[in-house]
Amino acid sequence: MTNRFLASLLSERRCWWFLAAAAVAVAVGFYSLPDKVAIKAVSKTGFWFVLVAFTIWVWALWRTFSQELRGWNWRGFDWPSAMVVAVGGTILLVHEMSGFKIVMDEIMLLGTSMSMHLDKVATTPIRGHDIQGAFVVVEGIVDKRPLFFPFLVSLVHDFTGYRPGNAFAVNAGLTFVFLGLVFAIGRMLAGRVAGWLGVALFAGLPLLAHNSTGGGFELLNLTMIAATLLLGVRWIERRDEAALTAFCFSGLLLAQVRYESVIYLLPVALLVLWGWWREGRPLLPWPVMIAPLLMVHYPMQHRIFQVRESAWEMFSKPGYTKPFSLSYLGDNLEHAVAFFFAKATSQPNSHVLSALGVLAVVLFAVLLVRRLRKLTEQTPVMIATIAFSVGLALQFLLLMCYFWGKFDDPVIRRLSLPTHLAMVIAILVAVAEFKQRPAVVRVLLAITVAGLLTRSVPSMAAHAYSQEYLAGRETAWRRAFMAEQKRGDYLMIDNDSTLWIAHRVSSTPTTIAKTRRTDLAFFLRNRTFSDIFVFQRLKLDPEDLGKKIMREGDELGPEFVLETVLEERMHPEHISRISRVKEIKEGEAPTITPPAKAPAPITDRAEIEKARQLFLENFMRKLP
Amino acid sequence: MIQRLGQLLGERAVRWRLALFALAGVAAVVLGFRLFTPDQVGRLIIHGGYPFMLALFAGFIFFAVRVAKPHRDEFAAWLRRPGWGGLAVLAATIFAVWSDFFAHKVLFDEYVLQGTAWHMHATKEIGAPIRAYDFAGTWLAVDAFLDKRPYFFAFVVSLLHDLTGFRLENVYVANTTLAALTLALTYWLVRRLTGRTGPACLAVALLATLPLFGQNATGAGMEMHNLAMITVGMVCAVLYLERPDADRLCLLVLGGALLAQCRYESALFVVPIGVVAALGWWRSGRIMLPWVVCLAPLLLVPYAWLDRFVQSKPVLWQLREGETARFALSYVANNLEGARRFFLSIAPEQANSLWLTLAGLGAIGVVVVALARWLRLPAVERPAWTASQLVVALFGLVVAGNLALLMFYYWSRLDEPIASRFSLPLYLTLALLAGWAAHALDRRWPATRVVAIGLAVWTLLLGSRAYSHRFYTQHNQVMHELNWELDQISARRGPVLVITSKATMPYLLQRIPALNTGIARTRGAELTWHQQLGTFREILVTRVLRPTTAEGDLIVDPDDALPENFQLEPITRKRFGGRWIEVCRLVAVRPEAAPAQ
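Parameters and conventions
- Residues numbered from 1 in each chain as written.
- Chains lettered and ligands numbered in written order.
- Predicted model: local features only at pLDDT ≥ 70, side-chain atom pairs only at ≥ 80, totals over all residues.
- Helix = DSSP H or I, 4+ residues; strand = E, 2+ residues; numbered from the N terminus.
- Rg over C-alpha atoms; globule rule 2.2 N^0.38 Å.
- Buried ≥ 20, exposed ≤ 12 C-beta atoms within 10 Å, placed from the backbone.
- Contact = placed C-beta atoms within 7 Å.
- pLDDT = per-residue confidence, 0-100.
- Axes fitted to C-alpha atoms, helices over the stretch in contact; angles between N-to-C directions.
- Left-handed = near helix turned anticlockwise from the far one by under 90°.
- Nonpolar A, V, L, I, M, F, W, Y, C, P; charged D, E, K, R; others polar.
- Expected span 1.5 Å × (residues − 1).
- Bend = angle between axes of the 7 residues up to and from the residue.
- Pairing = 2+ DSSP bridges.
- Parallel < 35°, antiparallel > 145°, perpendicular 65-115°, else oblique.

**Considering the overall build of chain B**
- Helices and strands together make up the secondary structure of chain B, namely 26 helices and eight strands.
- Against the compact-globule benchmark of 25 Å for 597 residues, chain B has a radius of gyration of 26 Å, which places it among compact chains.
- Principal axes of the C-alpha set define a box for chain B whose edges measure 90 × 60 × 50 Å.
- For chain B, buried positions account for 44% of its 597 residues.

**Digging into the overall build of chain A**
- A tally of helices and strands in chain A yields 25 helices and nine strands.
- Taking 25 Å as the expected radius of gyration for a compact globule of 624 residues, we find that chain A reaches 27 Å, a close match to that expectation.
- Each principal axis of the C-alpha atoms in chain A carries an extent, and together these give about 95 × 60 × 55 Å.
- Considering chain A as a whole, with its 624 residues, one finds that 47% of them fall into the buried category.
- Put simply, 74% of the contacts in chain A that link residues at least 6 apart link residues at least 24 apart.

**Let's talk about the confidence of the model for chain B**
Residues and elements named next belong to chain B.
- For chain B, mean pLDDT is 91; residues scoring 70 or higher make up 97% of the total.
- Averaged pLDDT values for the elements of chain B fall to 68 in helix H1 (residues 2-8) and rise to 97 in helix H8 (residues 170-194).
- Confidence metrics for the complex model read pTM 0.85 and ipTM 0.77.

**What to know about the packing of helix H7 (residues 166-190) of chain A against helix H8 (residues 192-203) of chain A**
All names here are of chain A.
- Two elements in contact, H7 and H8, have axes whose closest approach is 6 Å; the angle formed by their N-to-C orientations is 145°. When the axes of H7 and H8 are compared, the crossing they make is right-handed. Facing Leu-179, Val-182, Phe-183, Ala-184, Ile-185, Gly-186, Arg-187, Leu-189 and Ala-190 of H7, the residues of H8 in contact are Arg-192, Ala-194, Gly-195, Trp-196, Leu-197, Gly-198, Val-199 and Phe-202.
- When the residues that make up the contact of H7 with H8 are grouped by side-chain class, the tally is twelve nonpolar, three polar and two charged.

**Thoughts on unusual backbone geometry**
- Cis peptide bonds are those with omega within 30 degrees of zero, and the linkage from A:Val103 to A:Met104 qualifies with 10°.
- Even without being glycine, B:Ala136 reaches a positive phi, approximately 50°.
- The residue B:Ala136 is located in the loop between strand S1 (128-135) and strand S2 (138-145) in this model.

**Brief notes about helix H21 (residues 447-469) of chain B**
Residue and element names in this part refer to chain B.
- Helix length check: H21, at 23 residues, gives a terminal C-alpha distance of 31 Å against a target of 33 Å (1.5 Å per residue), a fit within 8%.
- At Gly-463, H21 shows its maximal kink, close to 50°.
- Within the sequence span of H21, burial applies to Ala-447, Thr-448, Val-451, Leu-455, Trp-458, Leu-462, Gly-463, Ala-466, Tyr-467, Ser-468 and His-469.
- Arg-470, located one to two residues past H21, shows a positive phi value of around 50°.

**Looking at the pairing of strand S1 (residues 124-130) of chain A**
Residues and elements named next belong to chain A.
- By the criterion of burial, S1 is predominantly enclosed, with five of the seven residues buried.
- As paired elements, S1 and strand S2 (residues 135-141) share six bridges and run antiparallel to each other. By the bridge assignment, Thr-124 is partnered in S2 with Ile-141.
- Remark: four residues form the turn of the hairpin made by S1 and S2, two consecutive strands paired antiparallel; Gly-133 in that turn has positive phi of roughly 105°.

**Remarks on the interface of chain A and chain B**
- If you look at the interface, chain A gives 28 residues, while chain B gives 28 residues.
- For the side of chain A that touches chain B, the secondary structure elements donating two or more residues are helix H5 (105-119), helix H24 (517-526) and helix H25 (605-622) of chain A.
- It is H25(A) that provides the largest number of residues to the side of chain A that touches chain B, a total of eight residues.
- Broken down by class, the residue content of the side of chain A that touches chain B amounts to twelve nonpolar, eight polar and eight charged.

**Observations regarding the packing of helix H12 (residues 246-259) of chain B against helix H13 (residues 270-284) of chain B**
Residues and elements named next belong to chain B.
- In the contact formed by H12 and H13, the axes pass within 10 Å of each other and the chain directions differ by 170°. What the angle tells us is that H12 and H13 run roughly antiparallel. On H13, the residues touching Leu-249, Leu-252, Val-253 and Gly-256 of H12 are Val-270, Ile-273, Val-276, Ala-277 and Gly-280.
- Looking at the contact of H12 with H13 residue by residue, the classes come out as seven nonpolar, two polar and no charged.

**As for the environment of B:Ala68**
All names here are of chain B.
- Along the polypeptide, Ala-68 turns up in helix H3 (residues 38-68).
- Assessed through the 13 C-beta atoms surrounding it within 10 Å, Ala-68 is described here as partly exposed.
- Put simply, Ala-68 and Thr-176 are 108 residues apart on the chain and 24 Å apart in space, counted from C-alpha to C-alpha.

**Observations concerning the environment of A:Asn349**
All names here are of chain A.
- Residue position: Asn-349 is located in the loop between helix H16 (329-340) and helix H17 (351-373).
- Among the residues examined, Asn-349 registers 27 C-beta atoms within 10 Å and is labelled buried.
- Here the alpha-carbon distance between Asn-349 and Asn-3, two residues 346 residues apart in the chain, equals 49 Å.
- Residue contacts for Asn-349: discarding those within four places in its chain leaves Leu-207, Phe-339, Phe-340, Ala-342 and Ser-354.

**Brief notes about the environment of A:Phe65**
- For A:Phe65, the position within the fold is in helix H3 (residues 35-70).
- The spacing of A:Phe65 and A:Pro80 is 15 residues in sequence and 22 Å in space, taken between C-alpha atoms.

**Some remarks on helix H21 (residues 470-484) of chain A**
Residue and element names in this part refer to chain A.
- Here H21 contains 15 residues, and its C-alpha end-to-end distance of 21 Å stays within 8% of the 21 Å for a straight helix at 1.5 Å per residue.
- All of the buried residues in H21 are Gly-472, Arg-473, Glu-474, Thr-475 and Arg-478.
- For H21, the elements touching its buried residues are helix H22 (497-501), strand S5 (532-540), strand S7 (560-571) and strand S8 (574-586).

Given below as structure tokens:
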């Protein structure tokens, strides 16, 4: 059988075309262009690659599901389960305010979505101003983050107009979609009540609530993993071109959500091969054949890690020299255990999910050995689950070998979400073993709901776990400042300039402001901005109470005369401050001085227009 | 042919009616051009314009109902199941409205129309207020002028005010509805031309994705109304030609008279309507001259009056510095260059649709080839033109002629945001022709599908950038300036008086008394008197500051400067592009240096 299958693979011309496309993709993506050219190419073409892949995916989904959708009947719909999903999603969304939880990740993603919306380019704006009545991005850079999430947000901008809150709307919508998919996986594995159990387990996970109300790509990552798994099931069941295209492009898009999600191409490939083997011949519709070419931009974008060493963010954890190493495994595992079983006030975990999950993963491993022996007898959902368990395990292992892979770190804990999904799937597989005893799943459901009400909901409502992450709270504080301003035509000096630009406020990093003092003085003198503000963070010296030390990079220098506008102590050791630039000195002389003599009046219209043009050109040159 | 003409004129009653029609024509010329002086016609329009427009509009509705009545069941059936056509028109309208934001975009024009609508609503007279005050709680216009713009659109908005109460937003309701009507009638016309849904939906999509269409559908100007009335005129003409009868002819003639009152140059559409009326007589073999048609020349008299009034008042021409005539050969080269740049632009700064331009030009090519083939056939074998083909051809020729005429106009560079709206009738014609041509080519290759795919690609590649930036609307600095001024002034506790170098209308429409800077310069004593009396809590001055060098060195714009004895205290300032707007408080007017009055 295997030999015959291999022979059919080799004799199929389409397989060779697929290999040729893959070879071209590898050559172009990895070798043909110098790093900087490749990154520039991503900025210009990245959006279009994702658009084509997304369009093919939607078209394939329509082709494979259109028959069922046409026969859809509201009477036959499972309304109680829809209610469970709706209630679960609502619980996740109502306890925390929407906001950018992980800075700068979420801001950079938003910035990329802004450029995609405005100019169909895949760059994050770093300079933007209102010059002639419309806010325009003056300069941008290609971000290291994959493009599918900003692409989706940009689509929402396209249809509803640009607003930063669209990122939250996307995540809120994805929350319901994800829970719906979890329900579908649960129902396929162990019946309807198991589906409810899966939804309840996730509804009781404060970490999910934290991300559902954020602007990051974690929800999309989870949703795409679950969707790809389910499409894998459909492919195994149907083994037709439409199902294969939908499944492959789901995997292709999943690989473009988070950096490490490219791992899931492995289970996708395994399931494709399994389907071909069961079919006795390879199926290769044209979209799948060209699929490797639609991933060309991915390795190109990844070269940012070679060009910008800071992209690995090794500087944030002094003492580490390599981003990945097996030597980090032991330490990271300790932190993972610490996260899963920490107190509700310190970590957004769920003890019910952690405890059941750890037990279920062990049971799943035992069952896996048994089921692998009789793989051909397994149901499609079990085969897809087994394949995806490989991807989920690999991802967990990769994170445990990452220098910053500590699940109890406020910035990193979101990376445990796929592991939570793995645990939920393991629980559902374990529950399937007790199909003859429905009381088991009911008892588990009752325990989960009790845990949700007594531990998770209070934890989500207090969300104490988010309080120690100062950057997130500072971002919310700065957004509140923006909302309070009656006029949006001010300039903000802040090293997180993208945050302001993404909200269509002119901004420049503090590091640049220091070097362009003369230009800023020009703006101050001419009042081209209604105000010039600066954001700074101060650290309180624990040795000497009252002594404040400015964060490195926030200091503007003595030439800038500042007046504090707003100050808040959001952390016992830190003060966040927004000040107004009152004056910029050039040596001893302030730059806001009236001219020595009043400008000569101009009455000739042509002269007036010429002066306006001259000023505008100078204005553009001096823009920070 | 002469024999046929003789048959047509054979009836005595027809000859009498024709004589009456000729008499009405002579009377119209005398009334319109000879009998009254320009000042007298101004007064006649002010006092008689509203009743005339009301009667004309009521007559049109009356005949529209009469024509539609026998088809009531068809309408009801269509409303119950509008099908793909209904869905396409709805989606296209939503798209057009979504593609831009509601605002006054062609300043002065749109505010003057709003002012005229308000004045018509309040007084049933034609005029645009320039001064208004709150007298004991009643907001009264104390000074109005007769504007150069035809007043049918202002009349429609005033009707909305009459029915729902005065509010500025009514103009957006009107324009959105008119956009939907234009798209629906575009669908109907192409459906009539081709007998198919696909090409009709394609024409609707081509028009709705045009950024200029969305810009005007969400604006406060009269362009959408003009476009809607052109389609109404075409539909009336098709209905009449398909089955000539007296009611349909009256509907056509009244529709034509209304269309002539939409924009300055829309009177040109009287020509195709006249030709269609005559063709209808020819086709039906009888001359129909109901009373409405006999009196038709007189319906155009108010248009002639308004034109004469405008001719006599050069100040209304709004010429720019150095220009002495509205139409001249010297403008052509510049305007043609502007048109080329506009129609073929791929930059998001222009509200054009390159795909509609290309599809339309291609369609013209197809029309030319089809026409050549038709002419080469022996006369007896030539297939007769359908009513819709004739109407689209006639109206299309007038639209082309109109655009050609505009190339001689002093302010018709289509790549200027203010002037690009003049291209809308041409774009409508191109959309109709593209729908027809796609259908004609469908027999050989899937043209409708190809044009639709091309449209999708254009929308993704170029259109989407235009919609997301909306530079063509956003770069209107004066709009931003005015909105900001209104925000600043509305936020202050009233009553306030505003002195501005811009038009006073935007303030008056917000019920804020306003005065032009030029007038204020000479009314220092009166301003002081009211300051002492406490009539206004504050007198605010808005003025433009301009840079004089590359480094800035701002001065007050000479047009905005008040005499030195006007003591001003700056309140706030904001930059708009390369200039600033400053809002000041008038502290006092020192009497010692007041200019002689």
